[in-house]
Amino acid sequence: MQRYVRLYLAFAKNSILDSLEYRLSFTVWSIATVLLAVVYVLSLQFIFAHVQTIAGWRMEQMLVLAATVMIVDGIVESIFGENMNALSGLINRGELDFVLSKPVSSRFYVSTRRFDWDPLVQVGTGCAVLWYAIGMLAQPIAWHGALLYVGLILCASLMAYSLWFMVVSVTFWAGRLNNVANLYYNFIEIARVPTDVFRGSLRIGLTFVLPVAFIAMVPSQALLGLLSPTFTLTAFAMTAALLIISHLFWRLALTKYSSASS
Amino acid sequence: MVTGWRAPNGLQLRESSQATVSAIAVQNLAKYYEVHQKEPGLVGSLKSFVLRKTYDVKAVDDISFTIESGELVGFLGPNGAGKTTTLKVLAGLLYPTGGEVSVLGHTPWERQATFQRQFALVMGQKNQLWWDLPPMETFILNREIYEVPEAQFQETLDELVQILELEKVVNVQARKLSLGERMKCELLAALLHRPQVLFLDEPTIGLDVVMQQNIRNFVREYNARYGATVILTSHYMRDVEALCDRVLIIDHGHLVFDGELETVVRRYADYKFLTVTFATPVAEAELAEFGAVTAYRPRTTTLRIARDAVPQVSARLLQDYPVLDLNIVEPEVDEVVRQFFSGERPAYAETVS
């Protein structure tokens, strides 16, 4: 365990050194992220000038939801994003050879090798929006709600990563998957809408099959004190299940690795 | 039985705690790839998309051999022969379709950390250096991955930097290095944990002659200094000739020869070259009676003579002509192996006997 912490710090250090080579990237990212957040807040205010609630969610609650999406997405993208985008290419070009020959968990290596500092701006922006939204709430936030919120955000990040990881792992069979990363961005996009909006089987599907509900809605509800204990437990159980399933899937996929001839 | 074949019992030997344990034992190894074929053009692509015809390509088909600790062995064979596939199975990257493999007492594809700490893989066509960072950062990362103690890391690093003459290079961005410098850094990165087994896949590809020589010298020195077992695949005969006493020739997934490189020459080249220098010019037609003239100048001529006819021909030349100098040369290994693969060779049944 301690070894992996050291290894992760070494990865992160190399990633900083690496990104310092390209200074402009961070600036562009920052401006774009903040602008997008402002536009989103303004558009919500515009909608709520005409309606009181959407599926029972008031504006400040919707803002909490939006902030949560930003935070989760920022975490997932900074830790895993670049790695997931690169993984398909590693498999296709046979560059997994070096990873598989090293005495280190291959999943850990391919998932965390590059830490991307740019999306951290999004985490910061998300926190700012969250602060603003909390200020507008009728009741103050309970401390256990806040604690649970942090835990569920971690769960959400791990769930989103596990799903992304599995989708990319399909490359072992497919040989090449074009734009597979985009599926993740679409997935995150759905999380901006409270799943309460949907009905029937679609709602169940978005909760348990494709667990969009757990990405932002469930943590937001926890913060707002609206979450049932059953759902809290379900969130943790689903996270553990997805981590294990994606691990087994990766192991299976590796047996299909054909490398690339050289 | 293949020449030089040792009893296929490396696996049992290990368990019976005998002193002579083979570093590598491979028995009946097979690796098939499923591939699909498509007719040319758009229609062919559509057909292949809907109804895909797949078949197995036998990249490696029933190969067995053992390699002792400290040996320097070359894998020879044309493109697609199965050399690299065999190497990748030995390194645990690929799961075989069949057969048993033991490397340092481990089954490679189980990828146990204790096994992975003991070997290194270097591929001339792929790199592990971080592209935008100096090689030093990759070395430090490998120190963490292999958990090399700080003192040992520093010692090995200094030693390798010195042998490979990399003092000025290790702190320059990898993408700004020349191909040769990068290859040397790749070697260094792979050797920091002092592996006992070294898999080298085309380590000199694309390098100039001087750099190829440097890499060869280094590999030999590493082998001597650490007693490491080295397996090398290369298209450059010179690499194999300079480094390996023993070669495994692989063709179409089969092991067709296992033994000393010289034996290949003796067995498959039934001729030698005779270079004669005369005091006075001699006509080409006259010399053609002795054997094929491969290079003719009036005073110096090279003839290709059947191996067992060499003594008589030499004697007759010395007797009948004013010979100043006479030189008998074995054919180049390169040439022999080329012939070997271009079909001018006996059938498998005869070679593997």
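What you see is a predicted model; the values in this text were computed from it and never measured.

Chemist: Help me understand the pattern of salt bridges in this model?
Modeler: Residue and element names in this part refer to chain B. Summed over the entire model, instances satisfying the criterion amount to 23 salt bridges over all chains. Arg-143 is the salt-bridge partner of Glu-150, the closest N and O atoms lying 2.8 Å from each other. You can call Arg-143 buried: its relative accessible area is 15%. Between Lys-272 and Glu-330 there is a salt bridge, and its shortest N-O distance comes to 3.9 Å. Of this pair, Lys-272 sits in strand S10 (residues 271–278) while Glu-330 sits in the loop between strand S13 (323–329) and helix H13 (333–341), placing them 58 residues apart in sequence. The partly exposed category is assigned to Glu-330, whose relative accessible area is 35%.

Chemist: Explain helix H13 (residues 229–254) of chain A to me, please; I cannot follow it from the model alone.
Modeler: Since the α-helix turns once every 3.6 residues, residues separated by three or four places project in the same direction. For H13(A), which comprises 26 residues, the first-to-last C-alpha distance of 38 Å matches the rise-based estimate of 38 Å (1.5 Å per residue) to within 8%. Every buried residue of H13(A) is accounted for by A:Thr232, A:Ala235, A:Met238, A:Thr239, A:Leu242, A:Ser246, A:Trp250, A:Ala253 and A:Leu254.

Chemist: What exactly am I supposed to notice about the environment of A:Tyr8 here?
Modeler: Residues and elements named next belong to chain A. Here Tyr-8 is to be found in helix H1 (residues 2–20). Linking Tyr-8 and Trp-117, residues 109 residues apart in sequence, is a C-alpha distance of 14 Å. The residues contacting Tyr-8, other than those within four sequence positions of it, are Ile-79, Phe-108, Thr-112 and Phe-115.

Chemist: Quick question: what am I supposed to make of the interface of chain A and chain B here?
Modeler: Size of an interface, as often reported, equals the accessible area lost when the parts are brought together. Taken together, the contacts link 32 residues of chain A with 32 residues of chain B. Across the chain A/chain B interface, buried area totals approximately 3000 Å², and carbon plus sulfur atoms make up 57% of it. Linking chain A with chain B are 9 residue pairs in polar contact (both at pLDDT 80 or more). For the side of chain A that touches chain B, the secondary structure elements donating two or more residues are H1 and helix H4 (96–100) of chain A. Classifying every residue of the side of chain A that touches chain B by side-chain character gives 13 nonpolar, 9 polar and 10 charged.

Chemist: In this structure, what is going on with the side chain of A:Arg3? I would like to understand it.
Modeler: Following the sequence through the fold, A:Arg3 ends up in helix H1. At 2.6 Å, the side chain of A:Arg3 forms a polar contact with the backbone oxygen of A:Pro103. Residues in contact with A:Arg3, not counting those within four places in the same chain, are A:Pro103, A:Val104, B:Arg117, B:Glu144, B:Ile145 and B:Glu147.

Chemist: Please explain helix H2 (residues 23–48) of chain A as it appears in this structure.
Modeler: Here H2(A) is 26 residues long and its end C-alpha atoms lie 39 Å apart, about the 38 Å a rise of 1.5 Å per residue gives. Lining the buried residues of H2(A) we find helix H3 (59–92) and helix H6 (120–136) of chain A.

Chemist: What exactly am I supposed to notice about the layout of surface pockets here?
Modeler: A water-sized probe, rolled over the atoms, reveals where empty space remains. In this model, the largest pocket occupies a volume close to 780 Å³. Residue lining of the largest pocket: 24 residues in total, with A:Phe172, A:Trp173, A:Lys256, A:Ser258 and B:Glu34 positioned closest to the centre. Listing elements by their share of the lining of the largest pocket, those giving two or more residues are H3 and helix H8 (171–174) of chain A together with strand S1 (22–36) of chain B. In terms of residues, the lining of the largest pocket owes the most to one element, S1(B), which gives 6 residues. Considered class by class, the residues forming the lining of the largest pocket number 11 nonpolar, 9 polar and 4 charged. What lines the second largest pocket is a set of 23 residues, among which A:Leu90, A:Glu95, A:Arg113, A:Arg114 and B:Asn127 lie closest to the centre.

Chemist: Teacher, can you tell me more about the sheet that holds strand S11 (residues 292–296) of chain B here?
Modeler: All names here are of chain B. Read across the open sheet, the 4 strands follow the order S11-S12-S10-S13; overall the sheet is antiparallel. A strand with exactly one partner marks an edge of an open sheet, and here the two such strands are S11 and S13. In this sheet, adjacent strand axes meet at a mean angle of 25 degrees when their direction is disregarded. One ladder, built from 7 bridges, connects S10 with strand S12 (residues 300–306); its direction is antiparallel. Residue pairing in the sheet places Phe-273 in a bridge with Arg-304 of S12.

Chemist: Would you explain the packing of helix H7 (residues 179–191) of chain B against helix H8 (residues 209–226) of chain B in this entry?
Modeler: What describes two packed helices is the angle between their axes and the distance between those same axes. All names here are of chain B. It is at 10 Å that the axes of H7 and H8 come closest, and there the two elements cross at 15 degrees. Comparing their axes, H8 and H7 come out roughly parallel. As H7 packs across H8, the resulting crossing turns out to be right-handed. In this structure, H7 uses Gly-180, Glu-181, Met-183, Lys-184, Leu-187 and Leu-191 to contact H8, whose residues at the interface are Met-211, Ile-215, Phe-218 and Tyr-222. When grouped by side-chain class, the residues that make up the contact of H7 with H8 number 7 nonpolar, 1 polar and 2 charged.

The rules we used
- Positions within a chain are numbered from 1, following the residues in the order the chain's sequence is written.
- Note on labels: chains are lettered from A, ligands numbered from 1, in written order.
- The model is predicted, so local features are restricted to residues of pLDDT at least 70 and side-chain atom pairs to those at 80 or more, both for listing and for counting; the totals for chains, interfaces and linings are taken over all residues.
- Remark: hydrogens and water are excluded; side-chain values derive from all non-hydrogen atoms of the structure.
- By definition here, a salt bridge exists when the distance from a side-chain nitrogen of Lys or Arg to a carboxyl oxygen of Asp or Glu is within 4 Å.
- Accessibility here uses a 1.4 Å probe with only protein chains present; expressed as a share of the type maximum, an area under 20% marks a residue as buried, one over 50% as exposed, and anything in between as partly exposed.
- Only DSSP runs of H or I reaching four residues or more are called helices, and only runs of E reaching two or more are called strands; each is numbered from the N terminus.
- Here a helix's expected span is defined as the number of its residues, less one, multiplied by 1.5 Å.
- Residue contacts are defined here by distance: any two heavy atoms, one from each residue, within 4.5 Å place the two residues in contact.
- Buried area, as used here, totals the accessible surface that two parts lose on assembly, with accessibility defined by a 1.4 Å probe and the loss added over both.
- The definition of a polar contact used here is a pair of N or O atoms within 3.5 Å, where within protein one atom must be able to donate a hydrogen and the other to accept one, and adjacent residues in sequence count solely through side-chain atom pairs.
- Any residue that is not Ala, Val, Leu, Ile, Met, Phe, Trp, Tyr, Cys, Pro, Asp, Glu, Lys or Arg is counted as polar, Gly included; the first ten are nonpolar and the last four charged.
- With a 1 Å grid laid over protein atoms only, a set of points is called a cavity when a 1.4 Å probe fits there but cannot get out and a pocket when it is open yet has protein on both sides within 12 Å along at least five of seven lines; lining residues have an atom within 4 Å of a point.
- Grid points are joined across faces, edges and corners, and a volume is the space filled by probe spheres set on the points.
- In short, DSSP must find at least two bridges between two strands for them to pair.
- To get an axis, a line is fitted to the C-alpha atoms, and for a helix only the part in contact is used. The angle between two axes follows their N-to-C directions and goes from 0 to 180 degrees.
- Here the word oblique covers every angle except those under 35 degrees (roughly parallel), over 145 (roughly antiparallel) and from 65 to 115 (roughly perpendicular).
- Crossings are sorted by hand: turned counterclockwise from the far helix by less than a right angle, the near helix makes the crossing left-handed, and turned clockwise it makes it right-handed.

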